[in-house]
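Okay, here's what each chain looks like letter by letter:
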Amino acid sequence: MANVISALFTASDEQLMWRVKLQDDAEAFASLMSRWQRPIENLCIRMTGDTHRAEDLAQSAFARIFARRADWEPTGKFSTFLWRVALNLCHDELRRAKRRGECSLDALDEGGDSQPNYIASEDPAPDEQADRRERAELVRDALLKLSTHYREVVVLRHYEGLKFHEIGEVLAIPEGTVKSRMAEALTQLNRLLKHLDGDTSWNPKTQTPELLAL
Amino acid sequence: MESQDSNTGTAGTVNHPNSNEWMSFLYGECAPKRRHELDAHLTTCPTCAAQMQAWRGGMNALDEWPLPARRHARRQWLPAVKWAAAAAIVLAVGIAIGRQTSNTRAELDALKSSLADLTALVEREHNLNLSNSIAVASSANTEALRLLNDYAQLQQQQRAADQEVIRTALRSFDLRLGRVRSDLQTVAVNTEAGFELTHQNMAQLAAYTIPEEQ
């Protein structure tokens, strides 16, 4: 009930964006940023595998939207527009990294500042934390190994919780294609990570030739 | 999963749902009735059950990469709440002790006075924190707006520079076009003169008669 009442008095994303477009309303834009900054950063982290780069990309996405506020037309959902802008920036970044000859996995494995910190619920033992961290890194590496058109579908559906038809709108492809890509992505992930399931003692250094070959 | 791309089967063949339907099933997007049918199919079809296990393996693996933990600004109103809680506890204890020991007019007045003091204290603390929060948010907003405007300005400058380059290229193209036109006119004039000369030569040739030998 409280949610319904608060929803009645909360401006929608589209209403806020209209205020930004027509009145350069900073408060409205700040509200949009506070709503969407975290999901967009998460999207960029999953797409690039790099926390710091993802923060920059998320900021660039909002800056681009603000710079183009006059061009914005409410023909669709604001979120669809935002996801699309952020994904395009991720694609550009991945292309730039490829041109520079960077390997994102190598960059991540260097440790230090670019390493994401993983949530450790209820402070498990250090060896358990290390194990979780290792498994997370393997999943991240496997995800980064997927083609970007598979990865973006996985990230939007599995991590960001968009419906398949919403992903179709963001990527401008039919819903059936989204589902086909999802099925293929899950098949590839299972093949890359089949040893991960239920085997906590598994040693990745000896049992993941596909990932270690990266 | 080529064998599962058919929804309709003839008598005697197995009726496998396609991968798109399984994706909707896995992510809870299919209708309850269809979900029930797919559930039933899984219990009787080892092929589909094996495929589902592979997809679920991929999904479970994805959950092994948790969200990165990030620092969040502490909520500014939290100290006020703490003060309020502390005041409430002090008051509750005071009232309880007062009831146990005495309820004389003087003690009640003292208690009321303490209540007023504590209320004022909480109010001051709350106002202070609120004004600090507003100041911080306002400064952050101003900074964000400034950065966004800088970005927009940069974009405009870039666009103006691009337009200038295009204009220069067009001017150069115009000049070249003028030269080509002039060359073409010269060629046309020369060709016309050539035609005229040829015509005269042909007329002379036609008029030419071999002189009779005497």
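Residues numbered from 1 in each chain as written. Chains lettered and ligands numbered in written order. Predicted model: local features only at pLDDT ≥ 70, side-chain atom pairs only at ≥ 80, totals over all residues.

Trainee: Where do I start with the packing of helix α3 (residues 26–48) of chain A against helix α5 (residues 78–99) of chain A in this structure?
Mentor: For any two helices packed against each other, the geometry is given by the interaxial angle and the distance between the axes. Residue and element names in this part refer to chain A. α5 packs onto α3 with a crossing angle of 30° between their chain directions and a minimal axis gap of 10 Å. Comparing the axis directions of α3 and α5 gives the class roughly parallel. As for how α3 packs across α5, the hand of that crossing is right-handed. Between α3 and α5, the residues in contact are Trp36, Ile40, Leu43, Cys44, Met47 and Thr48 and Leu82, Ala86, Cys90, Glu93 and Leu94, respectively. Considering only residue class, the contact of α3 with α5 consists of nine nonpolar, one polar and one charged. (Axes fitted to C-alpha atoms, helices over the stretch in contact; angles between N-to-C directions. Helix = DSSP H or I, 4+ residues; strand = E, 2+ residues; numbered from the N terminus. Parallel < 35°, antiparallel > 145°, perpendicular 65-115°, else oblique. Left-handed = near helix turned anticlockwise from the far one by under 90°. Contact = placed C-beta atoms within 7 Å. Nonpolar A, V, L, I, M, F, W, Y, C, P; charged D, E, K, R; others polar.)

Trainee: Which parts of the structure should I look at to understand the packing of helix α2 (residues 13–23) of chain A against α3 of chain A?
Mentor: All names here are of chain A. The interhelical angle for the contact between α2 and α3, taken along N-to-C directions, is 140°, at an axis separation of 8 Å. Considering the relative orientation of α2 and α3, their crossing is left-handed. For the pair α2 and α3, contact is made by Asp13, Leu16, Met17, Arg19 and Val20 and by Ala28, Phe29, Ser31 and Leu32, respectively. Here the residues of the contact of α2 with α3 sort into six nonpolar, one polar and two charged.

Trainee: Teacher, can you tell me more about the confidence of the model for chain B here?
Mentor: Low-pLDDT stretches of the model should not have their predicted coordinates read in fine detail. Residues and elements named next belong to chain B. Per-residue confidence for chain B averages 78 on the pLDDT scale, and 73% of its residues sit at or above 70. Summarising per-element confidence for chain B, the mean pLDDT is lowest in helix α4 (residues 78–101) (56) and highest in helix α1 (residues 19–26) (94). In this model, residues 1–12 is a region of pLDDT below 50 whose contacts with residues beyond four sequence positions or in other chains number 15 contacts. Across residues 72–81, where pLDDT falls below 50, the model places 11 contacts with residues more than four positions away in sequence or in other chains. Model confidence for the complex: the whole-complex pTM is 0.58, and ipTM, which rates the interface, is 0.78. (pLDDT = per-residue confidence, 0-100.)

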